[in-house]
Structures are given as C-alpha cells and as structure tokens.
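The primary structure of each chain is shown beneath.
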Amino acid sequence: MKYVEGFLVAVPRANKELYLQHAAQAAPLFKEFGVTRMVECWEDDVPDGKLTDFRRAVQAKEDEAVVFSWFEYPSKEVRDAANAKMTSDPRLQRMGESMPFDGKRMIFGGFAPILDV
C-alpha cells in the first residue's frame, strides 16, 4: 500500500511565485528519490478555529498563506530511504539555504493510508 508524507507551512503571500518555482525545481529530485506524486496546495478557504486551526499550527502571520502539501511513495520503506538520501544530497542542501518560507515552522509527518476511495 502507498505511503504519504504530509507537510504544512506558512509562506509569505508575496513569495507565492518563488515558492512555486522552488517546489517545481525540487520536484525532479524528489521523484529521483522515490516520490511518485507531489501535490502543493495554496490556502484558499482556511478558517480560524476556536481551539486549533491550520494557521495556528504553523504560526502563520497575517501576511502569510498556509500551504498544505503531500508526497506519495510506493511504501514506507521507499519513503524512509528517500528521506535518508534527501538529507545528505548537496543539491537539496543548497536549495534549503534559499527556501522562500521559514522552515522552522514546517509541520510534517508520515501517514499510512487506511481508506482510499
């Protein structure tokens, strides 16, 4: 069964095009490491919650949009191997130095699908 890694990040609205370019440049590398599908979603209808919400989760500022994205892998094993390669790949390390968002506020995690209809 597939494996999914999800991401949530706050991106300055002024950096939308830079973010899109950054993601597009990284996509071939992620595919090289085993990602079968990469989806990037820009905030469109993200309401404020009473206790929790997406904006609070990443400490989004007023001038920032929330981006929700995910990678699909063939398996958790492929994801684990990909993450090991990504952390040591000099191309991604260079890209990490010029991210158009604050990576310290990124939330991410791996998920095993339990329903796919």
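Residues numbered from 1 in each chain as written. Predicted model: local features only at pLDDT ≥ 70, side-chain atom pairs only at ≥ 80, totals over all residues. Heavy atoms only, no water.

### Focus: the overall build of the protein
Moving on, step 1. Counting its secondary structure elements, the protein contains four helices and four strands.
Moving on, step 2. In sequence order, the secondary structure elements of the protein are arranged as β-α-β-α-β-α-α-β.
Moving on, step 3. For 117 residues, the compact-globule estimate of 2.2 N^0.38 gives 13 Å, and the C-alpha radius of gyration of the protein, at 15 Å, lies within 12% of that figure.
Moving on, step 4. Along the first, second and third principal axes, the C-alpha set of the protein runs to 35 × 35 × 20 Å.
Moving on, step 5. A burial count over the protein gives 37% of its 117 residues as buried.
Moving on, step 6. Counting only contacts in the protein whose residues sit at least 6 apart along the sequence, the fraction spanning at least 24 positions is 82%.
Moving on, step 7. When the accessible surface of the protein is summed, it comes to about 7600 Å², and 58% of that surface belongs to carbon and sulfur atoms.
Moving on, step 8. Counting 16 positive and 19 negative side-chain charges, the protein places the centres of these two groups 2 Å from one another. (Helix = DSSP H or I, 4+ residues; strand = E, 2+ residues; numbered from the N terminus. Rg over C-alpha atoms; globule rule 2.2 N^0.38 Å. Buried < 20%, exposed > 50% of the residue type's maximum accessible area, 1.4 Å probe, protein only. Contact = heavy atoms within 4.5 Å. Areas by Shrake-Rupley, 256 points an atom, 1.4 Å probe, with all protein chains shown as cover. Lys, Arg positive; Asp, Glu negative; His and termini not counted. Charge placed at Lys NZ, Arg CZ, Asp CG, Glu CD.)

### Regarding a nonpolar patch on the surface
Moving on, step 1. A cluster of nonpolar side chains, namely Ile114, Leu115 and Val117, defines an oily patch on the protein surface of about 460 Å² accessible area.
Moving on, step 2. Mapped onto the fold, isoleucine 114 is located in the segment after strand 4 (107-111).
Moving on, step 3. For isoleucine 114, a relative accessible area of 83% corresponds to the exposed category. (Patch = residues over 30% accessible without salt bridge, like charges linked within 9 Å, V, L, I, M, F, W, Y side chains within 5 Å. Salt bridge = Lys/Arg side-chain N within 4 Å of Asp/Glu carboxyl O.)

### Observations regarding the packing of aromatic side chains
We describe a pair of aromatic rings using the distance from one ring centre to the other and the angle between the two ring planes.
Moving on, step 1. Under the criterion given, the structure shown has seven aromatic pairs.
Moving on, step 2. Geometrically, the ring pair formed by phenylalanine 54 and phenylalanine 68 is tilted, given 6.4 Å between the ring centres and 50° between the ring planes. Within this pair, whereas phenylalanine 54 is found in helix 2 (residues 54-57), its partner phenylalanine 68 is found in strand 3 (residues 64-73), the two being separated by 14 residues in sequence.
Moving on, step 3. Relative to tryptophan 70, the ring of phenylalanine 68 lies with its centre 5.6 Å away and its plane at 45°, an arrangement referred to as tilted.
Moving on, step 4. Since its relative accessible area comes to 39%, phenylalanine 68 is described here as partly exposed.
Moving on, step 5. Here a set of aromatic residues connected by ring pairs shows up, and it is made of Phe7, Phe30, Phe71, Tyr73 and Phe108. (Phe/Tyr/Trp six-rings, centres within 6.5 Å; stacked < 30°, edge-to-face > 60°.)

### A word on the pairing of strand 1 (residues 3-12)
In summary, the side chains of a regular strand alternate between the two faces of the sheet.
Moving on, step 1. Burial runs high along strand 1: eight of the 10 residues are buried.
Moving on, step 2. Sheet analysis places strand 1 next to strand 3, joined by 10 bridges and oriented antiparallel. If you follow phenylalanine 7 over to strand 3, its bridge partner there is serine 69.
Moving on, step 3. Two strands pair when backbone bridges link them, and strand 1 and strand 4 are joined in this way by five bridges, in the antiparallel orientation. By the bridge assignment for strand 4, glycine 6 is matched with glycine 109. (Pairing = 2+ DSSP bridges.)

### Observations concerning the nonpolar core
Moving on, step 1. Core analysis: the largest hydrophobic core is formed by 13 residues, its most contacted members being Phe30, Phe33, Val35, Phe71, Tyr73, Met86 and Leu92.
Moving on, step 2. Elements that contribute at least two residues to this core include exactly strand 1, helix 1 (16-33), strand 3, helix 3 (76-88) and helix 4 (90-96).
Moving on, step 3. For this core, the leading source of residues is helix 1, giving four residues.
Moving on, step 4. When residues no more than four places from it in sequence are discounted, the contact partners of phenylalanine 30 are Val35, Met38, Phe71, Met86 and Leu92. (Core = buried A, V, L, I, M, F, W, Y, C linked by side-chain atoms within 4.5 Å.)

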